[in-house]
Amino acid sequence: MITLDDISMAVISLIRLGAVFRFIYCMICLQSAEEEQARYKKRAKNTVVFYVIAECIWQIKEIVFFYYGA
């Protein structure tokens, strides 16, 4: 039986993998597309910001569950 914890672990794994692959894709495009470097730099920066926010939300959820014993 799949529990809520299993689903949340799968979702956070997908978020981590997606952010890593998106960052790698932006870095590859950054090297090849010289006229669009500003766009890909901004996309790479936004990917890092998204990842940091997602990890913060994940940690806050863990703290709340630990504190309230859920």
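Predicted model only: the values in this text are computed from it and were never measured. (Residues numbered from 1 in each chain as written. Predicted model: local features only at pLDDT ≥ 70, side-chain atom pairs only at ≥ 80, totals over all residues. Heavy atoms only, no water.)

Some remarks on the overall build of the chain
Broken down by element type, the chain carries two helices and zero strands. In terms of overall size, the chain is more extended than a compact globule, its C-alpha atoms giving a radius of gyration of 16 Å where 70 residues would be expected to give roughly 11 Å. A total of 70 residues make up the chain; the buried ones form 19% of that total. Carbon and sulfur atoms make up 69% of the accessible area of the chain, which totals about 5,800 Å². (Helix = DSSP H or I, 4+ residues; strand = E, 2+ residues; numbered from the N terminus. Rg over C-alpha atoms; globule rule 2.2 N^0.38 Å. Buried < 20%, exposed > 50% of the residue type's maximum accessible area, 1.4 Å probe, protein only. Areas by Shrake-Rupley, 256 points an atom, 1.4 Å probe, with all protein chains shown as cover.)

Remarks on the UniProt feature "transmembrane region" (unreviewed entry) in the chain
What UniProt calls "transmembrane region" (unreviewed entry) maps, in this numbering, to residues 48-68. Secondary structure across residues 48-68 divides into 100% helix and 0% strand, with the first and last C-alpha atoms of the span separated by 30 Å. (UniProt positions renumbered as here; feature names shortened; annotations may be inferred.)

Re the side chain of Thr47
Tracing the backbone shows Thr47 in helix α2 (residues 37-68). For Thr47, a relative accessible area of 9% puts it in the buried group. Non-local contacts of Thr47, meaning those with residues more than four positions away in its chain, are made with Ala19, Arg22 and Phe23. (Contact = heavy atoms within 4.5 Å.)

As for helix α1 (residues 4-32)
With 29 residues, α1 should cover 42 Å at 1.5 Å per step; its first-to-last C-alpha distance of 42 Å lies within 8% of that length. Lining the buried residues of α1 we find α2. (Expected span 1.5 Å × (residues − 1).)

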